[in-house]
Amino acid sequence: EDIGKSKVLIVKKILNRINPNTKVQTYNLKLNNINFKKIINKYDYIVDGSDNFRTKFLLNDFCLKYKKFLFSGAISKFDGHIFSFDFSKKKKPCLESFYQGMPDDIATCEEDGVIGTVAGVVGNIQANEAIKYILDIGKSLNGKVLIVNLLNLEFRICNLTK
């Protein structure tokens, strides 16, 4: 029944149904250099659920510029990457430290396919990292990448350098 409807409006409706006291602000637009600054200045923590590298790198650049904390995830088939970046610290790595620039030869989600369970696992880990950071508990992925392969149940953490 939600096919063809705005994802952000559907999610807002579902979240308000779960907890009507939750304040949900939606932005039903395509991010660009002009509208992004107005939005990002309102928040300290950015959880990236975008499905393309252009948006991911735009988020990365603005979070770096405005010293925000970024939790980013990327998925393809059974694989996922989860990143955390505290850009209030100087000389810390960013997405470019891992991807070495914006990838142009990586297949899109439409071309390569996405397994819903992988998106769920990656998104849950991102949310968990944000909660840990806000509460200042546990080990952080700050400046690292968690690489998951859910087909073979392989998990590894790699340090990133600027």
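All residue numbers here refer to positions counted from 1 along the written sequence of the relevant chain. Owing to the predicted nature of the model, reporting of local features is limited to residues with pLDDT of at least 70; listing and counting of side-chain atom pairs is limited to 80 or more, with chain, interface and lining totals taken over all residues. Computation of side-chain values covers all heavy atoms of the structure but excludes hydrogens and water.

(A) Molecular detail of the overall build of the chain. Across its full length, the chain carries 6 helices and 5 strands. Its helices and strands taken in sequence order, the chain reads α-α-β-α-β-β-α-α-α-β-β from the N to the C terminus. The globule rule puts the C-alpha radius of gyration for 162 residues at 15 Å, and the 16 Å found for the chain is close to it. For the chain, the spread of C-alpha atoms along the principal axes amounts to about 45 × 35 × 35 Å. Each residue is placed in one exposure class: buried if its accessible area under a 1.4 Å probe, protein chains only, is under 20% of its type's maximum, exposed if it is over 50%, and partly exposed if it falls in between. Residues counted as buried form 34% of the 162 residues belonging to the chain. We call two residues in contact whenever any of their non-hydrogen atoms come within 4.5 Å of each other. In the chain, 55% of the contacts between residues at least 6 apart in sequence involve partners at least 24 apart. Numbered from the N terminus, helices here are DSSP runs of H or I no shorter than four residues, and strands are runs of E no shorter than two. Radius of gyration: C-alpha atoms only; globule rule: 2.2 Å multiplied by the number of residues to the exponent 0.38.

(B) Representation of the pairing of strand β2 (residues 69-76). Burial analysis of β2 places 6 of its 8 residues in the buried class, the great majority of the element. Pairing between strands is defined by DSSP: at least two bridges between the two strands are required. By the bridge criterion, 4 bridges tie strand β1 (residues 45-48) to β2 in an arrangement that is parallel. Following the sheet pairing, I46 is matched in β2 by L70. Across 8 bridges, the pairing between β2 and strand β3 (residues 79-86) is antiparallel. Across the sheet, the residue bridging to F69 is D86, located in β3. Hairpin geometry of β2 and β3 is characterised by an intervening segment of 2 residues between the two adjacent antiparallel strands and by a positive phi of about 50° at K77.

(C) Region of the structure containing unusual backbone geometry. Although it is not a glycine, K77 sits at a positive phi angle of roughly 50°. Along the polypeptide, K77 turns up in the loop between β2 and β3. The partly exposed category is assigned to K77, whose relative accessible area is 42%. At D136, a residue that is not glycine, the phi angle is positive and equals roughly 55°. Turning to its location among the elements, D136 is positioned in the loop between α6 (116-135) and β4 (144-149).

(D) Structural detail: the side chain of S72. Here S72 shows up in strand β2. Residue class for S72 comes out buried when judged on its relative accessible area of 0%. A 3.5 Å cut-off defines polar contacts: any pair of N or O atoms within that distance qualifies, except that in protein one atom must be a possible hydrogen donor and the other a possible acceptor, and neighbouring residues in sequence count only when both atoms are side-chain atoms. There is a polar contact of 2.7 Å between the side chain of S72 and the side chain of D48. In this structure, S72 is in contact with D48, K56, H81, I82, F83, L95 and Q126, ignoring residues within four places of it in sequence.

(E) Here's a closer look at the pairing of β3. Summarising burial for β3: 6 of the 8 residues are buried, a large majority. As defined by bridge partners, β3 adjoins β4 across 5 bridges and the pair is classed as antiparallel. Residue pairing in the sheet places H81 in a bridge with I147 of β4.

(F) Region of interest: the packing of helix α2 (residues 33-40) against helix α3 (residues 53-65). Here an axis means a line fitted to C-alpha atoms, over the contact stretch when the element is a helix, while the angle between two N-to-C directions is reported on a 0 to 180 degree scale. Running from N to C, α2 and α3 cross one another at 50°; their axes reach a closest spacing of 11 Å. It follows that α2 is oblique to α3 by the angle criterion. Between α2 and α3 lies a crossing of right-handed hand. Two secondary-structure elements touch here, α2 through N33, F36, K37 and I40 and α3 through L58, L59, F62 and C63. Note that the term roughly parallel is reserved for angles under 35 degrees, roughly antiparallel for angles over 145, roughly perpendicular for angles of 65 to 115, and oblique for everything else. If you view the pair so one helix is near and one far, a crossing is left-handed when the near helix is turned anticlockwise from the far one by less than a right angle, and right-handed when it is turned clockwise.

(G) The arrangement of a nonpolar patch on the surface in detail. Residues with no salt bridge and a relative accessible area higher than 30% make up the patches, which join like charges within 9 Å and nonpolar side chains (Val, Leu, Ile, Met, Phe, Trp, Tyr) within 5 Å. Each accessible area is a Shrake-Rupley result for a 1.4 Å probe, and residues are judged covered by the shown protein chains and nothing else. When a carboxyl oxygen of Asp or Glu lies within 4 Å of a side-chain nitrogen of Lys or Arg, that pair is called a salt bridge. A cluster of nonpolar side chains, namely Y45, I131, I134, L135 and I137, defines an oily patch on the protein surface of about 490 Å² accessible area. By residue number, the principal contributor to the nonpolar patch is α6, which donates 3 residues. Tracing the backbone shows L135 in helix α6.

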